[in-house]
Amino acid sequence: MDMSAGNRKGIGLFALIMIGIGSIFGSGWLFGAGAAAQVAGPAALVAWVIGAVFIGMIAMCYAEVGSAYPIPGGMARYGHLSHGPVLGFLTGWAVWIATASLIPIESIAATQYMASWSYDWARDLVDPANGHLTATGLGVALVLTFALWLTCYWSVQLLARANTVLTLVKFAIPVLAVAALVASGFHTSNFTAHGGFTPYGWPAVLTAVTTCGVVFAFNGFQAVINLGGAAKNPGRAIPVALVGALSLGLVIYLALQAAFLGAVPPEQLAQSGGWHGVNFSSPFADLAKVLMLHWVVTLLQFGAFISPAGSNIANVASAAYMVQNLAETRFFPRKLATVHPRYGTARPAMWLNLAFSVLLLVTVGHSWHALASVISAAMVISYLIGPIAVGVFRRTRPNLPRPFRLPAAGVLAPLTFAFAACALYWSKWPDTGKVALLTLVAAPVAAVVLRRRGRRDLRRQFAPAWWLVGFLAWMSVLSALGSPDFGGHGVLPGGVDIALVALSAVAFYFWAVRAGVHAHRVGLLEPDAVLDGEPVAEVPAQGGAPVAGGAAVRDGGPVTGDAPVPEGGPVPDRGAVPDRDAVLDGGSAPAASSAVAPEDNRPTASV
């Protein structure tokens, strides 16, 4: 996670694509097809297409912002850049929770597939009655979590080399599994029998998108955004790697889903009473056993280790970047951004993530399905700032160099935000309420941190963040009152609930963009530790409220702490910076006068 010039340019385009593909092909392919088929039947194929379109729209929003600001772990920083410190912490907290939660779930996936081994001790890892890990299984998952965590203990170059090798190996495993299952007998009648193509209706398809690992699987795109700042020519590499990884991922996931649906023996499907009754603990391995494909079982058992290991390399790196960014914005202790003098890794951040992973394992990590549904909802919340940041930066930083521009952003950005709101709703009550509450816990933490810094204008500081608080509260209410198909109490009839979610989301989008633009106008944004160099000491502003002393020189123009730009006047363009990469690399930033910001020689982290 080295953000210095020497190390930030270490990952090539091919390696970045491999990181994206490696993250997409984690444990999602091992469980997603089986879980989606059980919930939606053959229409699970549509769920994968919907999930890919949704994630593709989110990814393209982040491609614009990420290529303009190629900051490692940038998804935890963009809210800070667009709306100021409070919203930056809320969204950074959400991104960190979603990313760090991926570390233990990969270990759970490997442990569950170990239960398909023919050894007595392996069969004792999972309780067959409920599919949850036993005490022994939990112990194995803890050991695997620590072992996979150690993989990223040294450097980003090691990450790239190891991940490329693992990705090439594990990419072949699902391809061979698809070929073997199709060759064993493909039963086209499975796609129309037992209720037809949509045996449980279209609401089940939408639910499968977020609760069965579809969003979870495609979430690997985050690794490209979060590690793209360490790439050679990140402005080009990030969008190209996103398109390549997501496109290939969709093709393989559709092939896996179709192979699973067609390979289930019709007599077993009939005996189970339809797709709801097809319940495999290790879907592909158990199905291969039924079909007497013993070599495929062995291959899948091997893949159950390779796939989570490859994904966790990027997960550990991304999560450490998140902690470093939150530490750089001073909401986490600055010591967490400390790097090893020899290896350049943010080891304190990695230790924090390991502790969080262990906490998840021993509290809610009973099974892959139990954790994946909650993580998917948390992921959707972490996506919200992407399209909003596009809208804010288009108005406040029109001259910011953008190697990639989202086409028709005025339409696609609010549409993407509305899609994300629907995906959060599809996560089903009470999961929506749980993740909303987990996100909003950060609000009082932000207030405490700001007060400890000496801030007394908390109402002003929180003004750009109220839209997120209102949005999450509103979504929780709609989810609780919504259709029973999505876990609600049925106060809102089906169809009306989704329409209300989508329309209200558009209103929240424009509120959020307006709040961000206003934050820029009134000079609320503080200097950014990466883009502006080391923040200078705080000085009192008018009224006694301290502001960051330079308020610094940001991207070529001074924006003084509490000196507002007249409402209706031009928003200062803080983005027209010929030497933006010099700032990102720790060099000097041009000021409005002849003064030059001091060179930032602080050590930065690398994984």
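So, here's what we can say about the structure. (Residues numbered from 1 in each chain as written. Predicted model: local features only at pLDDT ≥ 70, side-chain atom pairs only at ≥ 80, totals over all residues. Heavy atoms only, no water.)

Some words on the overall build of the chain
Note the cut-off: Secondary structure follows DSSP: runs of H or I at least 4 residues long count as helices, runs of E at least 2 residues long count as strands, and numbering of each begins at the N terminus. Working rule for contacts: check all heavy atoms of both residues, and any pair within 4.5 Å makes them a contact. Using the Shrake-Rupley algorithm and a 1.4 Å probe, accessible areas are obtained, with residue cover drawn only from the displayed protein chains.
When its secondary structure is counted, the chain shows 27 helices and four strands. Nonlocal contacts in the chain, meaning residues at least 24 apart in sequence, comprise 81% of its contacts between residues at least 6 apart. Roughly 20,400 Å² of accessible area belongs to the chain as shown, and the carbon and sulfur atoms make up 67% of that amount.

Things to note about the packing of aromatic side chains
Convention followed: Each pair of aromatic rings taken from Phe, Tyr and Trp, with Trp reduced to its six-membered ring, is defined by centres within 6.5 Å and is described as stacked if the planes are under 30 degrees apart, edge-to-face if over 60, and tilted in the remaining cases. Accessibility here uses a 1.4 Å probe with only protein chains present; expressed as a share of the type maximum, an area under 20% marks a residue as buried, one over 50% as exposed, and anything in between as partly exposed.
Summed over all chains, the structure comprises 38 aromatic pairs. Seen in terms of ring centroids, Phe-89 and Phe-332 are 6.3 Å apart; in terms of plane orientation they differ by 70 degrees. Their pairing is edge-to-face. One end of the pair, Phe-89, is in helix H6 (residues 85–100); the other, Phe-332, is in the loop between helix H17 (294–328) and helix H18 (347–363), with 243 residues separating them in the sequence. The class of Phe-89 is buried, set by a relative accessible area of 1%. Here Phe-216 and Trp-368 contribute two aromatic rings whose centre-to-centre distance is 5.4 Å and whose plane-to-plane angle is 90 degrees, an arrangement assigned as edge-to-face. With Phe-216 in helix H12 (residues 214–218) and Trp-368 in helix H19 (residues 368–383), this pair connects stretches of sequence that are 152 residues apart.

A short note on the nonpolar core
Put simply, the test is: Residues belong to one nonpolar core when they are buried, are Ala, Val, Leu, Ile, Met, Phe, Trp, Tyr or Cys, and are joined through side-chain atoms within 4.5 Å.
Phe-54, Trp-96, Phe-221 and Leu-300 are the most contacted members of the largest nonpolar core, which totals 199 residues. Sort the elements by how many residues they give to this core and helix H4 (residues 44–68) lands first, with 17 residues. Residues contacting Leu-300, with those up to four places away along its chain left out, are Trp-29, Tyr-113, Ile-173, Ala-177, Phe-284, Ala-285 and Ala-288.

Describing a nonpolar patch on the surface
Put simply, the test is: Patch membership is restricted to residues that have no salt bridge and whose relative accessible area is over 30%. Joining uses 9 Å for like charges and 5 Å for the nonpolar side chains Val, Leu, Ile, Met, Phe, Trp and Tyr. For this analysis, a salt bridge means a side-chain nitrogen from Lys or Arg found within 4 Å of a carboxyl oxygen belonging to Asp or Glu.
A cluster of nonpolar side chains, namely Trp-474, Val-477, Leu-481, Val-491 and Leu-500, defines an oily patch on the protein surface of about 390 Å² accessible area. Sorting elements by how many residues they give to the nonpolar patch places helix H25 (residues 466–481) first, with three residues. Tracing the sequence through the fold places Leu-481 in helix H25.

Some details on unusual backbone geometry
Trans is the prevailing form of peptide bonds, just as negative phi is the prevailing case for residues other than glycine. The omega angle of the peptide bond from Trp-429 to Pro-430 is 10 degrees, so this bond is cis rather than trans. Relative to the assigned elements, Pro-430 resides in the loop between helix H21 (409–426) and helix H22 (431–440). Its identity is not glycine, yet Arg-330 carries a phi of approximately 70 degrees, on the positive side. Inspection of the secondary structure assignment puts Arg-330 in the loop between H17 and H18. Residue Ala-408 is not a glycine yet carries a positive backbone phi of 50 degrees. Assessed through its relative accessible area of 52%, Ala-408 is described here as exposed.

What about the pattern of salt bridges?
Going through the model one piece at a time under the given rule, you end up with six salt bridges. Residues Arg-394 and Glu-64 are paired through a salt bridge, measuring 2.8 Å at the closest nitrogen-oxygen approach. With Arg-394 in helix H20 (residues 385–396) and Glu-64 in helix H4, this residue pair connects regions lying 330 residues apart in the sequence. We classify Arg-394 as partly exposed; its relative accessible area is 25%. Judged by its relative accessible area of 2%, Glu-64 is buried. Between Arg-455 and Asp-457 there is a salt bridge; the shortest N-O distance is 3.0 Å. Through salt bridges with shared partners, a single ionic network connects Glu-64, Arg-394 and Arg-402.

Looking at the side chain of Thr-439
Filter applied, for reference: Polar contact criterion, stated in full: a pair of N or O atoms within 3.5 Å, where within protein one must be able to donate a hydrogen and the other to accept it, and residues adjacent in sequence count only if both atoms are side-chain atoms.
In this fold, Thr-439 is placed in helix H22. Among the polar contacts listed, one links the side chain of Thr-439 to the backbone oxygen of Val-435, at a separation of 2.9 Å. Once you skip the residues sitting within four places of it in the chain, Thr-439 turns out to touch Leu-90, Trp-93, Ala-94, Ile-381 and Leu-472.

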